[in-house]
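Take a look at the letters that make up each chain.
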Amino acid sequence: MKLVIAIIKPFKLDEVRDALADVGVAGMTVTEVKGFGRQKGQTEIYRGAEYSTNMVPKLKIEIVCDGDLAPRVVEAVQAAANTGAIGDGKIFVLDVGQAVRIRTGETDVTAL
């Protein structure tokens, strides 16, 4: 099993969710996060005033899937979240040792 973590721009969530459904992802967790990478923040205009922020709002999507599905999940997220602009995000893939469904006690891939 693999844990795919994607950090994306917030307005890309619907496209990413649809792309993941198309490859067979049954569920995911989405968290609102802030951070920065190479762009070191950004300048924005709010109510006519320009201000600079060093933490950019993003969404973190976490998907646990079968190891065979992980490459397709990564491709789907990359294609759907890509705008071609700086700050599109990152994707990380980690190994998962165990998963347990709390309600039934099912484990590993059957728990997903």
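Because the structure is a prediction, the values reported are computed rather than measured.

Enquirer: So what exactly am I meant to see when it comes to unusual backbone geometry here?
Expert: When glycine is set aside, most residues are seen to have a negative phi, and most peptide bonds are trans. At aspartate 108, a residue that is not glycine, the phi angle is positive and equals roughly 55 degrees. Mapped onto the fold, aspartate 108 is located in the segment after strand 6 (89-95). Assessed through its relative accessible area of 32%, aspartate 108 is described here as partly exposed.

Enquirer: Could you clarify how one ought to interpret helix 2 (residues 70-81) in this entry?
Expert: Between its first and last C-alpha, helix 2 extends 16 Å over twelve residues, near the 16 Å set by a 1.5 Å rise per residue. Along helix 2, the residues that are buried comprise Ala70, Val73, Ala76, Val77, Ala80 and Ala81. The buried side chains of helix 2 occupy one side of the element, clustering within an arc of 125 degrees when seen end-on. Opposite the buried face of helix 2, at more than 90 degrees from it, the exposed residues are Glu75, Gln78 and Ala79.

Enquirer: Explain the pairing of strand 5 (residues 56-65) to me, please; I cannot follow it from the model alone.
Expert: Regular strands have side chains that alternate between both faces of the sheet. Of the pairings in the sheet, the one linking strand 1 (residues 2-8) to strand 5 comprises seven bridges and is antiparallel in character. By the bridge assignment for strand 5, isoleucine 5 is matched with glutamate 62. Note: strand 2 (residues 29-35) against strand 5, seven bridges, orientation antiparallel. Directly across from threonine 31, in strand 5, lies its bridge partner lysine 60.

Enquirer: Teacher, can you tell me more about the side chain of lysine 12 here?
Expert: Mapped onto the elements, lysine 12 comes out in the loop between strand 1 and helix 1 (13-22). A polar side-chain atom of lysine 12 sits 3.3 Å from the main-chain carbonyl oxygen of alanine 80. Apart from the residues lying within four places of it in its own chain, the contact partners of lysine 12 are Ala80, Ala81, Asn82 and Thr83.

Enquirer: Explain the pattern of salt bridges here, please?
Expert: When charged atoms on two side chains of opposite charge get close, those side chains can pair. Summed over all chains, the structure comprises six salt bridges. A salt bridge links lysine 12 to glutamate 15; its shortest N-O distance comes to 2.9 Å. By relative accessible area, which is 41% here, glutamate 15 ends up partly exposed. For arginine 101, the salt bridge identified is with glutamate 106, shortest N-O distance 2.8 Å. Classification of glutamate 106 by relative accessible area gives partly exposed; the value is 32%.

Cut-offs applied
- Residues numbered from 1 in each chain as written.
- Predicted model: local features only at pLDDT ≥ 70, side-chain atom pairs only at ≥ 80, totals over all residues.
- Heavy atoms only, no water.
- Helix = DSSP H or I, 4+ residues; strand = E, 2+ residues; numbered from the N terminus.
- Buried < 20%, exposed > 50% of the residue type's maximum accessible area, 1.4 Å probe, protein only.
- Expected span 1.5 Å × (residues − 1).
- Arc of directions from axis to C-beta.
- Pairing = 2+ DSSP bridges.
- Polar contact = N/O pair within 3.5 Å; in protein donor to acceptor, adjacent residues only side chain to side chain.
- Contact = heavy atoms within 4.5 Å.
- Salt bridge = Lys/Arg side-chain N within 4 Å of Asp/Glu carboxyl O.

Read these as layout, nothing more, since geometry by itself doesn't imply function.
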